[in-house]
Amino acid sequence: MTTPLLEVRHLSRSYGRVRAVDDLSFAMARGQITGFVGPNGAGKTTTMRIAATLDIPDGGDVLVDGVSVLVEPRKVRQRIGYMSDQFHPYANLDVLQYLDFFARAHGLRGRRRQQTVRTVASFCGLTGFADRPATGLSKGMGQRLHLAKTLLHDPQLLILDEPAAGLDPRARIEFRALLKELAAAGKTILISSHILPELGETCDSVVVLEKGKRVVAGTIAEIQRSVQHQQAVQLRLLGEVEAAEKFLATQPDVGEVAVDGDRVRFTYAGGDEEMAALLARAIGAGLRITEFGRIEADLEDIFLQTTKGNLQ
Amino acid sequence: MTAEAAPVVAAPIPDRLDLLTRLSDRLNPILVREVQQAVKGRVFVLTVLGALFVNVIIALVVASNYKGGATGGRGAFDAGLATLAPLLLFIVPMQAYQSMQSELRGGMIEQLLMSELRPLRIVAGKLGAAMVQFVLYLSVLSPLLATSYLLRGVDLPTIAVCLSCALVFCVAATSFAIAAALQGMLPAMRPIAWLGMAFGLGSASLGMVGYIGSGQCLRDVGWLLRSSEFGMVTSAVLCGAIAGTALMALVAQAYLAHTFENRSTGFRVFLLLAPPLSFAWVYTFVQASHRDDVVPVATFLLSLLGIVFGIFMVSEQQKLSPRVRAHVPRNAALAACSSIFLPGRDRGMACWIAYFVLLAGLALVLWPATGRGFLNMPQSFARVSTLTLAYAAIYLTLGKWLRGRLPETVVFNHGARFLMPLLVVVGCLLPLLFDVLVIGGVDNWHFGHLLNPFWTIDRAVRDSGAAIRGLVWTLGGGCLLVQLPAMVRGLLEVTAAAAARRAQAATVAPASAVEG
């Protein structure tokens with residue numbers, strides 16, 4: 001059995017009376033993209049900063065590749081790339097000089113440094129901007145430069161705090177593509193974002209936090225199953241919506257029924273066999289059904305269902 | 001991506017890099033980046049142009065007034081050095097300050113700390129950049145300085161001493177500026193740090209310009225070069241500047257290090273190195289005829305240094321942080337020996353006592369080597385020194401007790417450091433207020449003024465003050481005795497951490513043996 005690349009163990013951190021992180025535990029397997037989701041003040045950034053060795057927990061520990069952030073922070077730093085939610089590049093440096101500086105700071109020397117800088121710049125689509133001032137880049141290109149800097153020392157784990165915040169739709173799509181390429185290259189990524197549909201498309205698993213506590217964690221499919229005790233089903237009909245509503249109200253395992261134009265949505269507690277029988281009965285009752293299917297909960301639904309919107 | 005590849009990226013990387021690139025690999029990355037930024041910045045361009053302009057003006061003025069003679073170049077040299085002073089004492093440190101501030105504001109410093117750069121290397125890089133800027137500014141003014149030599153009146157040793165001092169002062173001022181910039185990590189300290197730095201550097205620059213411009217600088221250097229005290233004075237200036245730079249670098253490093261990382265050991269090592277190095281300087285550079293005066297002064301100054309460091313050491317958090325605990329030496333004896341160097345106010349008190357034991361021991365051993373001898377030192381000096389120490393012990397104990405009442409966060413460490421001098425003020429003021437409001441006037445010293453160190457020492461030093469002396473010494477000694485259990489607790493925490501590390505290593509070793 002392989003050890004997880006990131007293991008958060010009973011992590012706690014308080015700022016005065018505010019408990020930012022409260023007995024938080026979760027693990028991330030290698031090569032996984034995990035979304036870190038929660039309302040503002042849920043403790044996402046605090047957890048990420050602790051994992052990045054930039055903060056210290058009051059209790060618990062974080063292990064990166066089996067190395068404790070408390071005991072051997074320098075070894076941890078070699079294994080992680082942390083992209084904070086702030087990016088303020090140096091004045092009077094162009095893009096290549098900026099990357100070259102960080103490559104030097106990571107101990108890269110000679111040809112290897114030059115090669116790495118070019119490779120990373122090319123990967124992040126910065127080649128055409130190499131001689132532009134780092135402070136003169138657009139928000140989207142700035143985030144690419146920020147990511148490029150994070151990749152220079154080839155870290156195993158990337159911790160990205162709100163990387164897509166403030167990006168326009170095109171930049172977001174391009175950035176998402178970059179993340180997918182990184183995951184394909186074997187990087188493990190922990191990413192926090194408020195843009196949930198994007199996380200849903202990018203992530204293998206999510207950890208939902210609220211008031212510093214883990215609300216739910218796992219793959220999106222697992223969470224969908226765990227939060228949807230009663231599945232939601234949707235019908236689309238040619239007319240006869242009221243008849244369909246009356247019909248469903250008399251059927252076993254059918255819960256709440258709601259009408260929305262030519263659609264009828266209802267909760268259903270039965271299994272697949274029962275659902276097939278229900279469809280057959282509906283057709284037998286003369287309902288002209290054009291669509292029939294489950295409504296899968298997306299990340300936004302999961303988020304709304306699992307969190308209460310409590311802020312601290 | 002629509003933009004085409006920039007030529008610099010498109011060009012192939014040569015198999016063998018040029019010498020300059022290979023050399024730059026050996027340099028501190030911060031130094032490389034700071035110089036890259038500085039020479040591209042507007043400030044550098046403007047100051048260089050300004051210095052060149054002043055150069056030309058000075059050259060024209062000197063040429064128009066030149067009448068030959070043996071001192072024709074003095075004016076030109078004074079003017080050139082006076083132009084260099086604000087560049088080195090104000091502009092270069094200010095740039096280091098701005099650079100550090102912008103790194104703090106943008107969270108860039110965290111990104112740097114995530115790399116392989118350690119705090120001390122970051123500070124060293126910035127000091128190195130200051131030295132490079134010194135060379136650049138010097139090269140701008142070098143034609144003028146060379147002309148002043150050729151016009152006579154200034155010899156090469158004078159130029160060498162002046163420029164060496166300029167370099168040392170520039171680096172010291174830059175380290176001060178970096179340390180001041182890092183105070184900005186605490187928002188409340190930001191304006192104070194800015195004002196302190198601007199005032200300090202501004203007045204130092206103006207003072208230096210006046211000193212050089214008046215011609216006094218060259219006269220003093222000329223005297224120094226002919227004097228038998230050349231070694232003593234130059235080594236004192238150099239050692240003082242190096243010690244100041246090292247201390248400022250430690251301050252900067254402490255601010256850059258994480259709150260829970262070990263910020264204390266560097267300072268404690270610095271403190272405990274100060275007495276042996278100071279006495280070594282005295283016995284190496286100070287002539288025997290001066291030692292009777294220099295040794296007591298050095299001892300007294302070292303005592304004051306110990307008291308200032310004591311305030312910082314006894315106001316730390318009590319316990320070892322998880323990170324420090326994880327790096328305590330495993331060997332029990334080594335751990336016990338390292339205890340006084342590790343963070344924590346109990347261990348800080350022990351370190352403070354160790355410092356004064358070391359200082360007194362060195363003084364006892366080395367003082368007889370002076371003409372007068374330790375035992376023959378003035379009685380009043382001995383009384384003032386020991387009473388000052390007793391008061392230091394009393395107030396540090398009170399301060400430590402006060403720190404213990406405050407929450408165990410870093411902010412309250414700073415809070416306690418401000419409160420401790422206030423304790424002395426309160427100890428002085430309250431009895432005076434009592435006298436004024438209740439007795440009707442401040443007539444004479446009484447035991448209510450015992451916590452007023454200034455007045456009490458003044459009374460106790462006299463021959464008639466034996467009872468007061470005894471009381472103060474007893475109180476001071478009593479305070480140290482009261483601290484004994486806490487100091488033992490501090491030691492035990494370290495040995496326990498060492499034992500935990502040994503136990504952890506013992507459990508890991510068999511596990512790896514099984515895997516092997």
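Every value quoted in this text rests on a predicted model; they were computed, and no experiment measured them.

Reading guide: rules and limits
- Residues numbered from 1 in each chain as written.
- Chains lettered and ligands numbered in written order.
- Predicted model: local features only at pLDDT ≥ 70, side-chain atom pairs only at ≥ 80, totals over all residues.
- Heavy atoms only, no water.
- Pairing = 2+ DSSP bridges.
- Helix = DSSP H or I, 4+ residues; strand = E, 2+ residues; numbered from the N terminus.
- Axes fitted to C-alpha atoms, helices over the stretch in contact; angles between N-to-C directions.
- Contact = heavy atoms within 4.5 Å.
- Parallel < 35°, antiparallel > 145°, perpendicular 65-115°, else oblique.
- Left-handed = near helix turned anticlockwise from the far one by under 90°.
- Nonpolar A, V, L, I, M, F, W, Y, C, P; charged D, E, K, R; others polar.
- Salt bridge = Lys/Arg side-chain N within 4 Å of Asp/Glu carboxyl O.
- Buried area = accessible area lost by both parts, 1.4 Å probe.
- Polar contact = N/O pair within 3.5 Å; in protein donor to acceptor, adjacent residues only side chain to side chain.

## Points about the sheet that holds strand E10 (residues 213-219) of chain A
Residue and element names in this part refer to chain A. Pairing is mixed in the open sheet, where six strands are placed in the order E6-E7-E8-E3-E9-E10. Edge positions in the sheet fall to strand E6 (80-83) and E10, since each has one partner strand and no second. Neighbour-to-neighbour, the strand axes of the sheet open up by a mean angle of 15°, direction not taken into account. Where strand E7 (residues 157-161) and strand E8 (residues 188-192) come together, five bridges link them in parallel fashion. Paired with Leu158 across the bridge in E8 is Ile189. This element, helix H6 (residues 169-184), spans strand E3 (33-37), E6, E7 and E8 of the sheet and lies at about 150° to E8.

## Some details on the side chain of Thr46(A)
With respect to the helices and strands, the residue Thr46(A) is situated in helix H1 (residues 44-51). Once you skip the residues sitting within four places of it in the chain, Thr46(A) turns out to touch Arg13(A), Tyr15(A), Ala20(A), Val21(A) and Asp55(A).

## Here's the deal with the packing of helix H8 (residues 156-183) of chain B against helix H11 (residues 230-256) of chain B
All names here are of chain B. Contact geometry of H8 with H11 gives a least axis separation of 8 Å together with a crossing angle of 20°. One element, H8, and the other, H11, form an angle in the roughly parallel class. Crossing handedness for the pair H8 and H11: left-handed. Contacts between H8 and H11 involve Val161, Val168, Phe169, Val171, Ala172, Ser175, Phe176, Ile178, Ala179, Leu182 and Gln183 from the first element and Phe230, Val237, Leu238, Ala241, Gly244, Thr245, Met248, Val251, Ala252, Tyr255 and Leu256 from the second. Tallied by class, the residues present in the contact of H8 with H11 amount to 18 nonpolar, four polar and no charged.

## Observations concerning the pattern of salt bridges
Summed over all chains, the structure comprises 30 salt bridges over all chains. The shortest N-O distance in the salt bridge between Asp22(A) and Lys213(A) comes to 3.6 Å. On the criterion of sequence distance, the pair formed by Asp22(A) in strand E2 (residues 18-28) and Lys213(A) in strand E10 is long-range, its members being 191 residues apart. Among the charged side chains, a network of salt bridges with common partners joins Asp100(A), Arg104(A), Arg113(A) and Asp25(B).

## What about the interface of chain B and chain A?
With 47 residues of chain B in contact, the opposing surface of chain A contributes 52 residues. With both chains or domains summed, chain B and chain A bury close to 4400 Å², and 57% of this area falls on carbon and sulfur atoms. Contact with chain A buries area across many residues of chain B, yet Ile13(B), Met114(B) and Arg323(B) alone supply 17% of it, more than any other trio. On inspection of chain B and its partner chain A, the count reaches three salt bridges. Asp25(B) is the salt-bridge partner of Arg104(A), the closest N and O atoms lying 3.9 Å from each other. Where chain B packs against chain A, one counts 17 residue pairs in polar contact (both at pLDDT 80 or more). Elements that contribute at least two residues to the side of chain B that touches chain A include exactly helix H1 (7-10), helix H2 (19-26), helix H3 (29-40), helix H5 (74-105), helix H6 (108-113) and helix H14 (322-325) of chain B. Per-element accounting of the side of chain B that touches chain A gives the leading share, seven residues, to H3(B). Each residue belonging to the side of chain B that touches chain A can be placed in one class, and the counts come to 23 nonpolar, 11 polar and 13 charged.

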